[in-house]
Amino acid sequence: MKFSIVIPTLGTRSPEFVRLLNSIHEQTYTNLEVIVLSQDHHDIVSQDIETFNESLNIQHIQLNKKGLSYSRNQAIPYITGDIVTFSDDDCWYPQNAFETVKVAAENHPQTDVVCFQIFDPEQNAYYKNYPGQPIEKLNMRQVLQRSSIEIFINLNKINKNELLFNEYFGLGAKYPSGEENIMLSNLFQKGYHLGFFNQIVVYHAKPSQQSRLNLKSFMSKGPLFKQIFGAGTGLIMLTALFLKKFSHLERPFPFYFAAIKEMFAYQKQ
């Protein structure tokens with residue numbers, strides 16, 4: 001079983017990027033390929049990669065356009081592994097991460113997408129609230145709670161062409177988040193089996209509620225829900241999120257009405 005690790009980077013977080021590559025180098029399971037997509041500062045990225053050229057199977061693709069979803073889409077033709085994960089350049093892996101995923105994938109052959117937990121070892125805190133038990137088959141609500149770096153997709157079951165990210169969403173795009181939710185909801189609606197395992201496989205700093213729910217972030221939820229559910233159900237989902245997160249929003253009602261306006265201006269892709 002071969003893993004493909006897709007890493008888009010702007011080349012502006014060199015220490016974190018090197019930490020990530022070093023964590024891949026130290027894995028107990030070594031049948032890995034790394035696909036790095038630099039969107040800027042290509043020389044710095046090349047220098048960071050150089051140290052690992054002899055120990056890791058790294059492809060470096062230099063892009064002239066920025067955007068997280070765009071970069072991930074550009075990686076698709078280069079993926080040759082059985083399982084792919086989409087990493088951030090500031091996350092890193094515990095030493096047994098890919099061994100853990102391999103065992104889970106082998107023990108649950110009916111699962112097409114395996115999802116795990118993200119942990120922040122510096123704050124000693126989980127990235128989000130996770131279920132305490134494994135979930136053999138996620139429902140749509142649970143699918144929408146997943147984050148990119150905790151997802152591992154079995155390409156022996158899912159065609160690479162079905163992994164395309166909506167380039168209107170994700171860092172560097174008009175709407176700064178939700179790209180993985182759209183991709184996973186598409187897989188869910190096609191009948192693929194997504195499961196959750198309560199094991200830590202990746203580390204990442206835990207963001208604050210305020211950084212997650214600024215105006216631009218909350219406003220993007222309107223188009224996100226419309227893309228996944230359509231305008232009617234999307235408005236209900238947006239309202240439910242607004243009520244749930246009301247106390248965390250700096251200006252609740254302006255945020256809510258901005259999200260509604262953006263929802264109805266957005267044309268589904």
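Keep in mind the model is a prediction, meaning the values are calculated, not measured.

Novice: Can you help me understand the overall build of the protein chain in this one?
Specialist: Across its full length, the protein chain carries eleven helices and eight strands. Taken over C-alpha atoms, the radius of gyration comes to 18 Å for the protein chain, in line with the 18 Å a tight globule of 269 residues would show. Counting only C-alpha atoms and orienting by the principal axes, one finds that the protein chain spans roughly 55 × 40 × 35 Å. Looking at the 269 residues of the protein chain, the share that counts as buried comes to 54%. Considering only residue pairs separated by 6 or more positions, the protein chain has 79% of its internal contacts joining residues 24 or more positions apart. For the protein chain, the exposed surface amounts to about 12,300 Å²; the carbon and sulfur share of it is 50%. In the protein chain, which carries 25 positive and 25 negative side-chain charges, the distance between the mean positions of the two groups comes to 12 Å.

Novice: Even after reading the chapter, I still don't get the nonpolar core, so can you show me in this structure?
Specialist: Nonpolar side chains in soluble globular proteins tend to end up buried together. By size, the foremost hydrophobic cluster in this structure holds 62 residues, and its most contacted members are I7, I24, F98, V113, F152, I153 and L163. Beyond its immediate sequence surroundings of up to four residues, L163 is in contact with N73, I76, V84, I153, L155, I158, M183 and L187.

Novice: I'm lost on helix 2 (residues 42–50) in this one. Help?
Specialist: Along helix 2, the residues classified as buried are H42, V45, D48 and I49. Here the buried residues of helix 2 occupy an arc of 125 degrees about the axis, which is enough to place them on one side. In helix 2, the exposed residues that point more than 90 degrees away from the buried face are D43, Q47 and E50. The inward-facing, buried residues of helix 2 contact strand 1 (3–9), helix 1 (14–25), strand 2 (32–38) and strand 3 (58–62).

Novice: Even after reading the chapter, I still don't get the pattern of salt bridges, so can you show me in this structure?
Specialist: With the rule as written, the count across this model stands at 13 salt bridges. Close ionic contact of D89 with R13 constitutes a salt bridge, the shortest N to O distance being 2.6 Å. Taken together, the positions of D89 in the loop between strand 4 (83–86) and helix 4 (97–107) and R13 in the loop between strand 1 and helix 1 put the pair 76 residues apart, joining distant regions of the chain. A single network of salt bridges, built from pairs that share partners, joins R13, D89 and D90.

Novice: Help me understand the pairing of strand 3 in this model?
Specialist: For a regular strand, side chains alternate in direction, first toward one face of the sheet and then toward the other. Examined bridge by bridge, strand 2 and strand 3 share five bridges and lie parallel to one another. Bridging from a neighbouring strand, I35 pairs with Q59 of strand 3. Note on the crossover from strand 2 through helix 2 to strand 3: the handedness is right-handed.

Novice: Got a minute to help me understand a nonpolar patch on the surface in this structure?
Specialist: Taken together, F246, F253 and F257 make up a surface patch of nonpolar side chains, about 320 Å² in accessible area. Within the secondary structure, F257 sits in helix 11 (residues 252–265).

Novice: Explain the packing of aromatic side chains here, please?
Specialist: Geometrically, a pair of aromatic rings is defined through the distance of the ring centres and the angle of the planes. For the structure shown, the criterion picks out 21 aromatic pairs. When the ring of F169 is compared with that of Y266, the centres are 5.7 Å apart and the planes differ by 80 degrees; the resulting orientation is edge-to-face. Taken together, the residues span a long stretch of sequence, with F169 in the loop between strand 7 (151–154) and helix 6 (179–189) and Y266 in the segment after helix 11 at a distance of 97 residues. Among the residues examined, F169 registers a relative accessible area of 0% and is labelled buried. The exposure class of Y266 is buried, given its relative accessible area of 4%. Three or more aromatic residues link up through ring pairs in this structure, and these residues are F3, Y29, Y93, F98, F116, F152 and F197. For K65, the ring lying beneath its charged end belongs to Y70, and the centroid distance is 4.7 Å. Sitting above the plane of the F165 ring, R72 keeps its charged end 5.1 Å from the centroid.

Rules used in this analysis
Residues numbered from 1 in each chain as written. Predicted model: local features only at pLDDT ≥ 70, side-chain atom pairs only at ≥ 80, totals over all residues. Heavy atoms only, no water. Helix = DSSP H or I, 4+ residues; strand = E, 2+ residues; numbered from the N terminus. Rg over C-alpha atoms; globule rule 2.2 N^0.38 Å. Buried < 20%, exposed > 50% of the residue type's maximum accessible area, 1.4 Å probe, protein only. Contact = heavy atoms within 4.5 Å. Areas by Shrake-Rupley, 256 points an atom, 1.4 Å probe, with all protein chains shown as cover. Lys, Arg positive; Asp, Glu negative; His and termini not counted. Charge placed at Lys NZ, Arg CZ, Asp CG, Glu CD. Core = buried A, V, L, I, M, F, W, Y, C linked by side-chain atoms within 4.5 Å. Arc of directions from axis to C-beta. Salt bridge = Lys/Arg side-chain N within 4 Å of Asp/Glu carboxyl O. Pairing = 2+ DSSP bridges. Right-handed = clockwise from strand over helix to strand, strands pointing away. Patch = residues over 30% accessible without salt bridge, like charges linked within 9 Å, V, L, I, M, F, W, Y side chains within 5 Å. Phe/Tyr/Trp six-rings, centres within 6.5 Å; stacked < 30°, edge-to-face > 60°. Lys NZ or Arg CZ within 6 Å of the ring centre and 35° of its normal.

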